[in-house]
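Reading the structure
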There are 2 protein chains.
Amino acid sequence: MSAAVFALNPSSLTRPCLSSRILSIFSSYHSTSVFAMAGESKSKSGGGKKKEVKKETGLGLTNKKDDNFGEWYSEVVVNADMIEYYDISGCYILRPWTMSIWEAMQEFFDAEIKKMKIKNCYFPLFVSPGVLQKEKDHIEGFAPEVAWVTKSGESDLEVPIAIRPTSETVMYPYYSKWIRGHRDLPLKLNQWCNVVRWEFSNPTPFIRSREFLWQEGHTAFATQEEADAEVLAILELYRQIYEDYLAVPVIKGKKSEMEKFAGGYYTTSVEAFIPHTGRGVQGATSHCLGQNFAKMFEITYENDKGEKAMVWQNSWAYSTRTIGVMVMTHGDDKGLVLPPKVAAVQVIVIPVPFKDADTIGIFDACASTVKLLSEAGIRAEADLRDNYSPGWKYSHWEMKGVPLRLEIGPKDLANSQVRAVRRDNSAKKDLPMTNLVDQVKELLNTIQKNLFDLAKQKRDECEVEKDVKARTKGEMGAAKTLCSPFDQPEMEDGTLCFASGKPAKKWTYWGRSY
Amino acid sequence: MSAAVFALNPSSLTRPCLSSRILSIFSSYHSTSVFAMAGESKSKSGGGKKKEVKKETGLGLTNKKDDNFGEWYSEVVVNADMIEYYDISGCYILRPWTMSIWEAMQEFFDAEIKKMKIKNCYFPLFVSPGVLQKEKDHIEGFAPEVAWVTKSGESDLEVPIAIRPTSETVMYPYYSKWIRGHRDLPLKLNQWCNVVRWEFSNPTPFIRSREFLWQEGHTAFATQEEADAEVLAILELYRQIYEDYLAVPVIKGKKSEMEKFAGGYYTTSVEAFIPHTGRGVQGATSHCLGQNFAKMFEITYENDKGEKAMVWQNSWAYSTRTIGVMVMTHGDDKGLVLPPKVAAVQVIVIPVPFKDADTIGIFDACASTVKLLSEAGIRAEADLRDNYSPGWKYSHWEMKGVPLRLEIGPKDLANSQVRAVRRDNSAKKDLPMTNLVDQVKELLNTIQKNLFDLAKQKRDECEVEKDVKARTKGEMGAAKTLCSPFDQPEMEDGTLCFASGKPAKKWTYWGRSY
């Protein structure tokens, strides 16, 4: 494990929309290219069958999480059948094992925003250059990463057309059209879609890819109060996605002026922390755009006094990056570890026949156990393949991160029990068949909770360094502020900023980030 | 109404995968440009506020369905808040009123294919040119419509990259990698995504757009029998989407060699028919690709005898086009007509206060009615806005196609009843508040059924012409085969093909199609 450092430091940096103090995380890690993505170039052919032999003979990972985090990560996402590398760099295939995690989060989040009267829509993938460039700060932030369509078939297009990197400029001309009176407010839309950011630095599955899936919410209000309240309500949903679904602890807070959304007013985020690299990772962002876009796109309305007024806007998004953060947080040297709430398969049932045992009876017991659990709403499957040994199956489903394994052998059959093995800590326990459903449900809840607790403990254990300044001097250029947490620790009067030496105003997290 | 002709004709055309006979639909319609899309150029500005006055003063449509179908259609989709024209031609904004229809179908279809063990995945938007061009017939079919990305930021890409028009060539190199033994089969994947086909002919909202949403299923089997069976199972789901959800009657059948999917083996489809234009419209397609792509992409497996064998593949898709067919089928001169099963709002409750009446009591009754219906799983809303008259509200919700309106006035309040008005036929009925939920449910079922029956009756009423040959001679170039229906009428021996004069083999539908 790299020597990750987690530090709490005072700072004098001013933050326009948050009061006082700064809290800092610092990392002393050395690798300049943690994510070398060894797998990337190897599988360029796409159609090759290179990994066959390895896959069928050796199930384990060749890299260890503590020794070689980057290689470990890219090996896990491939070997757990989450990702397939694609023949265009920075693009990845999301396999079903990934999509079911995405869908579990989507089902939760979509229902929650519908309760908030936010409605789904779908705006085009393409943006015309004039509209894209309307908000200067915004386009400056995105311009280098915009992909341009210039041809269709053999013909050049009259005007090149951009592919959305995000949809503010796609949508807001129509907000201007649709919003006229105060009765048209609030306007609250969301879309589930793909966006493209043609980045050239270290592509990493889920974490940094040229195309990714996300939801983007875009709302307009009459007052700042309403906008502010929604920013926090959405941020809370993002916290729930991370903590309650992915079992990843996050810190809610506000971004600095430098790190806020291009063209926005202020940005809040949930920030996760990867102890193995000492890096923070931005989990999801909820922006208040203020009235800046309203000015550029003329999104005005007649208020109840008959006066023309500008709307207050928010935009907010979470992406498939969430899944990468989850893999990094829980995965181990056996492979992926899935929190039960997002696992496509929560329970894998494996027959353990012996030579003279009642093989048919064992297989039947496996099938009926799956039926019993499935009917109770538990996502259970049996691996009844006859060409793999039980041991091979254990490793296979451990690699794929299934939270709970149930083994059924002759002794279990005789004793009307199953042997349960937890993925998170390898703990074994015999469960009597009576009341199996309740016991399995309880175990799944325990695993979900334990994964979160363990991740939180690991994060918090990272050694607190008081004199980060001296230790990180040479690396300052690469570190940046992550967020100023809403939960501010106390600060004694006279505390000085660790960086400037001036009186500190608040605590802020600092670190290198993905 | 244009003189649509619906005809049954024998033909000698051979179809490789279907036996005997041909059945023909012919239309004698005259317009060469039914879909001039008058609205298209007018709203190019995107952010303009041009239609305001009209929208607020005159709620009705300026075009009639019978007189001017194309203009009527583009007016309906805009005025019902389904579509907003976008500043890039052929791209449209799908508003929430549209998305809820799409989501209702998606919820059904996604659950059904999951029962069939088909799993969701997500492949990249981009295709490299080498892979795209691997299957020659396939790329010939799509090449003229492919959009190419050639730049990112200010830099030219080394190699232009295509945007998927469909994902056969995106996916199949990886099918080749993933499929090795017979135990890897069947491989059954689906994705919900956007695709781009840069067509230049008559863009039409939903029906023909440059970007659209769809699902695309891609499956691989060991045997043709399994592939054949799935083609029909999926086609049946498409029929259910059209007939059970959208209340649009369709004909299941097989495409001719000329009209089949580029590079495929055979194509089945559900075909709808728009009486007002006399045009058929391809509703959705379920293709058997045979072993053609398997050959090109080397998708082989070792069968249980240890021999190398090629897989059999299918691909199948339905798109947002479904929604356009629904609008064309049910819409009338008051606007959209939504089948209850896909309506975002199934019941709109409108207070009808009078000067001296108990206004608060009426508004409360509306709110509690909505609560009652909502708790019973009915999608109900009340329009309690105080700045619009009841009459304005009636027109507004009729334009948006809400299936059932409940009016509550002083008399209704006094008599413990509501007045129900059906959108499909304007029939009115007083419903006692006792047992309201059951009555509303029954009415919604009746409306759903009536919409389908009426559409089927209109389609079937189209006059059967025996001597289409003479009447359509001049237009033959534009007509094409739609499909050979699986339900073949009887054909007497010696029947001759209407076109060639040779002995007929089977019946086929012919017509001009969108």
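This section reports on the structure supplied with the text. (Residues numbered from 1 in each chain as written. Chains lettered and ligands numbered in written order. Predicted model: local features only at pLDDT ≥ 70, side-chain atom pairs only at ≥ 80, totals over all residues. Heavy atoms only, no water.)

**Looking at helix H4 (residues 96–115) of chain A**
Over its 20 residues, H4(A) extends 28 Å from the first C-alpha to the last, a length consistent with the 28 Å expected when each residue adds 1.5 Å. Just downstream of H4(A) lies Lys117(A), where phi reads positive at about 65°. (Helix = DSSP H or I, 4+ residues; strand = E, 2+ residues; numbered from the N terminus. Expected span 1.5 Å × (residues − 1).)

**As for the sheet that holds strand E11 (residues 266–274) of chain B**
All names here are of chain B. Pairing in this open sheet of nine strands is mixed, and the strands run E4-E8-E9-E15-E12-E11-E10-E21-E23 from one edge to the other. One side of each edge strand has no neighbouring strand; the edge strands of this open sheet are strand E4 (119–120) and strand E23 (509–511). Across two bridges, the pairing between E4 and strand E8 (residues 187–196) is parallel. Residue pairing in the sheet places Lys-119 in a bridge with Leu-189 of E8. (Pairing = 2+ DSSP bridges.)

**Focus: the environment of Glu230(B)**
Residue and element names in this part refer to chain B. Its place among the elements puts Glu-230 in helix H8 (residues 224–245). Of the residues examined, Glu-230 reaches a relative accessible area of 5% and is grouped as buried. Spatially, the C-alpha atoms of Glu-230 and Trp-316 are 9.9 Å apart, while their sequence positions differ by 86 residues. Glu-230 has contacts with Met-116, Ile-118, Lys-188, Thr-219, Phe-221, Asn-314 and Trp-316, leaving out every residue within four places of it along the chain. (Buried < 20%, exposed > 50% of the residue type's maximum accessible area, 1.4 Å probe, protein only. Contact = heavy atoms within 4.5 Å.)

**Digging into the relation of the copies chain A and chain B**
Overlaying chain A on chain B yields an RMSD of 0.1 Å, the required transformation being a rotation through 180° with an accompanying axial translation of 0.0 Å. Accordingly, the operation relating the two chain copies is best matched by a two-fold axis. Closest approach to the rotation axis among the C-alpha atoms of chain A is made by Val149(A), whose C-alpha sits 2.1 Å away. (Least-squares fit on C-alpha atoms with pLDDT ≥ 70 in both.)

**A few points about the sheet that holds strand E20 (residues 428–432) of chain B**
Residues and elements named next belong to chain B. Strand order in the open sheet formed by five strands is E17-E16-E18-E19-E20, with mixed pairing between adjacent strands. What marks the edges here is a single partner per strand, and that holds for strand E17 (380–382) and E20. This sheet shows a mean twist of 25° between the axes of neighbouring strands, independent of strand direction. In the packing of helix H11 (residues 359–375) onto the sheet, contacts are made with strand E16 (347–351), E17 and strand E18 (404–408), and the angle to E16 comes to roughly 165°. Its contacts with the sheet put helix H12 (residues 390–399) on E16 and E18, and the angle it makes with E16 is roughly 170°. (Axes fitted to C-alpha atoms, helices over the stretch in contact; angles between N-to-C directions.)

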